[in-house]
Amino acid sequence: METTIKSVSAVLAAPTPHMVGDGFKVSNFFPGGYKIKMSPFYMLDFNDKMELPPTNQLRGVGVHPHRGFETVTIAYHGAIAHHDSAGNSGVIYPGDVQWMTAASGILHKEYHEKEFSKKGGPFQMVQLWVNLPAKDKMSKPKYQAIQNDTIERYILPEDAGTVEVIAGEYKDVKGAATTFTPMNVYNVRLNADGEAVFNFPADFNTGILIIEGSLIINGELTAGNEFVYFKNDGEEIRVKASQDSIILVLSGEPIHEPIAQYGPFLMNNQAEIKLAISDYNEGKFGYLED
């Protein structure tokens, strides 16, 4: 059966950035910036590269709750520290991924790591919210701390670059993360003139965030800080880099369930949102010092 091209629906410029806490200057591509269908990916925030001055102040986001979904944090420059109400903590360095399953509920805080803050320097990161199916929304919270040197890679031919498989599979290379629904998440690093081909089911919602560089993607010219959104009409995506480039590839099977969202809670209906607020107010998410 012949493979068909997955058509580009739109090349989306970064929405005007806004501050999250006092440490993250992000462009929210969806759901706020653009009303596009990217289930199971609910939210995409991109903190494009910025230079941070040295400081002794720990900038970031204070204690906040999550329920009903997963956060996926990917660092490209700088270092992000985190703590939660279950006693987990760590630092996300460039190339690392933190895959946090909030599920039934957790308190969390994240900020620029202490030593990085003292030195300052370039900072760049992505955070995704990945929805959970209804049957898994109240499962036990967990972490997957994925260090860059543990991520399996596919080396593209002709010195084109590498595909780091964070989740899913690429040409028999399996991702480091376990997921609740089928999805593919890749960091792809292409050298100038390097090419890569991806194949995803037609019904998978698919997009590519241009982290750095410029590329031609299925005939469309793209550049850094843009998001390429695809139609659900084919399987194949062809990418060619005009210069050294980094892209984040997202493709997943949609979750066909209703969504109710309120702040940091992502559930299926308003009754579940009210319960989440009540549980949070009653201290059922645990305790975490600000």
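Residue indices follow the written sequence of each chain, beginning from 1 at its first position. Local features in this predicted model are restricted to residues of pLDDT 70 or higher, and side-chain atom pairs are both shown and tallied only at a pLDDT of 80 or more, whereas totals for entire chains, interfaces and linings draw on every residue. No hydrogens and no water enter the side-chain calculation; it runs on all heavy atoms of the structure.

### What to know about the UniProt feature "domain: Pirin N-terminal" (unreviewed entry) in the protein chain
Here is step 1 of the chain: Within this numbering scheme, the UniProt entry marks residues 36-130 as carrying the feature "domain: Pirin N-terminal" (unreviewed entry).
Here is step 2 of the chain: The helix and strand labels rest on DSSP assignments: H or I over at least four residues marks a helix, E over at least two residues marks a strand, and numbering proceeds from the N terminus. Its end C-alpha atoms 15 Å apart, residues 36-130 is made of 6% helix and 62% strand. UniProt positions are given in the numbering used here, feature names are shortened, and annotations may be inferred rather than shown by experiment.

### Thoughts on the packing of aromatic side chains
Here is step 1 of the chain: Two aromatic rings from Phe, Tyr or Trp, using only the six-membered ring of Trp, form a pair when their centres are within 6.5 Å; if the ring planes differ by under 30 degrees the pair is stacked, by over 60 it is edge-to-face, and anything between is tilted. Scanning the model with the defined rule gives 14 aromatic pairs in all.
Here is step 2 of the chain: On the numbers, 5.5 Å between centres and 70° between planes, the contact of Y170 with Y186 is edge-to-face. In this pair, Y170 sits in strand β15 (residues 169-170) while Y186 sits in strand β17 (residues 183-190), placing the two residues 16 residues apart along the sequence.
Here is step 3 of the chain: Assessed through its relative accessible area of 5%, Y170 is described here as buried.
Here is step 4 of the chain: Consider the rings of F265 and F285, whose centres lie 6.1 Å apart with planes at 65°: the pair is edge-to-face. Within this pair, whereas F265 is found in strand β26 (residues 265-267), its partner F285 is found in the segment after α2 (270-281), the two being separated by 20 residues in sequence. Taken individually, F265 and F285 each receive the classification buried, so the pair is uniform in this respect.
Here is step 5 of the chain: An aromatic cluster of at least three residues, connected via ring pairs, comprises Y154, Y170, Y186, F198 and F200. Each residue's exposure class comes from its accessible area (1.4 Å probe, protein chains only) as a fraction of the maximum for that residue type: buried when under 20%, exposed when over 50%, partly exposed otherwise.

### Things to note about the pairing of strand β21 (residues 220-223)
Here is step 1 of the chain: Between any two strands, at least two bridges found by DSSP are needed for them to pair. Strand direction decides the pairing type here: strand β20 (residues 214-217) and β21, joined by four bridges, are antiparallel. Note on β21: the bridge partner recorded for I217 is E220.
Here is step 2 of the chain: Hairpin connection, β20 to β21: the antiparallel pair is bridged by two residues, and N218 has positive phi, about 45°.

### Comments concerning the sheet that holds strand β18 (residues 195-199)
Here is step 1 of the chain: Pairing in this open sheet of four strands is antiparallel, and the strands run β18-β23-β20-β21 from one edge to the other. Sheet topology places β18 and β21 at the edges, where each strand pairs with a single neighbour. Sheet twist, expressed as the mean angle between neighbouring strand axes with direction ignored, is 25°.
Here is step 2 of the chain: As judged from the three bridges shared by β20 and strand β23 (residues 236-241), these two strands associate in the antiparallel manner. Residue pairing for β23: I216 is matched across the bridge by K240. Fitting a line to C-alpha atoms yields each axis, with helices limited to the stretch in contact; the angle taken between N-to-C directions then spans 0 to 180 degrees.

### Quick notes on the pattern of salt bridges
Here is step 1 of the chain: Here a salt bridge means any side-chain nitrogen of Lys or Arg lying within 4 Å of a carboxyl oxygen belonging to Asp or Glu. All told, the structure shown has 10 salt bridges when counted by the stated rule.
Here is step 2 of the chain: Note that E282 and K284 form a salt bridge whose closest N and O atoms lie 3.4 Å from each other.
Here is step 3 of the chain: With relative accessibility at 52%, the residue E282 sits in the exposed group.
Here is step 4 of the chain: Put simply, R67, D279, E282 and K284 are held in one network by salt bridges that share partners.

### So, the side chain of D136
Here is step 1 of the chain: Following the sequence through the fold, D136 ends up in the loop between β11 (121-131) and β12 (142-146).
Here is step 2 of the chain: Looking at D136, the relative accessible area reads 12%, which means it is buried.
Here is step 3 of the chain: Among all residues touching D136, those that are not within four sequence positions of it are A103 and F180. Note on definitions: a residue-residue contact is assigned when non-hydrogen atoms from the two residues lie within 4.5 Å.

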